[in-house]
Amino acid sequence: MQTTWKGTISFGLVSIPVHLYSATQEHDVPLHQVHAKDGGRVRMKRYCEREEKEVPYAEIAKGYESPDGRTVTLTDEDLADLPLPSKKIIDVLAFVDAGEIDPLMFSKAYYVGVADQSAAKPYALLRDALLDAGQIAVTKIALRTRESPAVLRVHEGTLVLQTCIWPDEVRPAAGIAPEGEVTVRPQELKMARSLMDTLSEDFDLSQLHDDYQQALQQVITARLEGVELPHEEAAGEAPDNVIDLMEALRSSLRQAQSEHGRAAEPEEPSEEKPAPRKRAPAKKAAAPAKAAKKTTTRKSTAPRKAS
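Attention in this report is confined to the structure presented alongside it. (Residues numbered from 1 in each chain as written. Predicted model: local features only at pLDDT ≥ 70, side-chain atom pairs only at ≥ 80, totals over all residues. Heavy atoms only, no water.)

### Looking at unusual backbone geometry
1) Next: The phi dihedral of Glu156 falls on the positive side, at around 50°, and the residue is not glycine.
2) Next: Relative to the assigned elements, Glu156 resides in the loop between strand 11 (146–155) and strand 12 (158–164).
3) Next: Positive phi, normally seen in glycine, also occurs at Asp202, with a value near 60°.
4) Next: Relative to the helices and strands, Asp202 resides in the loop between helix 3 (186–199) and helix 4 (211–225).
5) Next: A relative accessible area of 78% places Asp202 in the exposed class. (Helix = DSSP H or I, 4+ residues; strand = E, 2+ residues; numbered from the N terminus. Buried < 20%, exposed > 50% of the residue type's maximum accessible area, 1.4 Å probe, protein only.)

### Notes on the sheet that holds strand 10 (residues 135–143)
1) Next: Here we have eight strands laid out as an open sheet, ordered 7-1-2-9-12-11-10-8, and mixed in their pairing. Two strands close off the open sheet at either side, each with one partner strand: strand 7 (89–91) and strand 8 (94–97). Adjacent strand axes in the sheet meet at a mean angle of 40° when their direction is disregarded.
2) Next: Sheet topology places strand 9 (residues 106–114) next to strand 12; four bridges connect them, and they run antiparallel. Looking across to strand 12, one finds that Phe106 is bridged to Cys164.
3) Next: Packed on one face of the sheet, helix 2 (residues 120–133) meets strand 1 (3–11), strand 2 (14–22), strand 8, strand 9, strand 10, strand 11 and strand 12 and runs near 75° to strand 11. (Pairing = 2+ DSSP bridges. Axes fitted to C-alpha atoms, helices over the stretch in contact; angles between N-to-C directions. Contact = heavy atoms within 4.5 Å.)

Right, here's the structure in full:
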């Protein structure tokens, strides 16, 4: 694996000589520009406006034009000699929880390897400390012509340095989300969670593949062989809006359960259309028990008249 950067991680007074290796690669089908009329290759030439001639790449430098029209030329040596501490040192500034860094700021990832065997012990110390604390290290690094904030984290037992954009480079999201208060009923939220759980069953991210590259390769092969180009079946138009959100959720849930080989779960009635309740058969009212009258025989104490 080709080394991208060489330098040192500075962790307090601990120094770790390291190399960076690109951790990702893109698998695009290589395309180049041609003349649509005859297929002739179109090449970009480096042309000097002042001398009106093409110049070789070795004579190309970087320039900056000031607001008043003056141009200053910067050579590779000028850029290499910048008075920048982060040119060769990854200085650990702080340790934070991973959730404190907005994923929107993450950029390119690099594997961090040791430059020599003497760096193995401090490398393992930093890696294990990050794992033990459940945190990531915030750093800064200069790569090529740009200094960037970066984070050090652990991936499969290896330190990974992931560059970030600066916080002020993240555009504000104001005015993009729907305006006004939108009420989501608990019934709709519960149905959406059921759909989320069903779609997530047995999901394996490693099984995803690039459909676009595969389709592009099919078209290229068809062109090379002079056969009819493959076409995708016409898909139905998506609805412009959702008229009945609960019904759309129910249909989505049924389809997802069918694809996952599960029987459809009983649906709960929505709040708008409550299911009619079945009336229980009326029971015959029991006759009220007659209170037994307690008959008390009162003895007469009055003397009888003599007949």
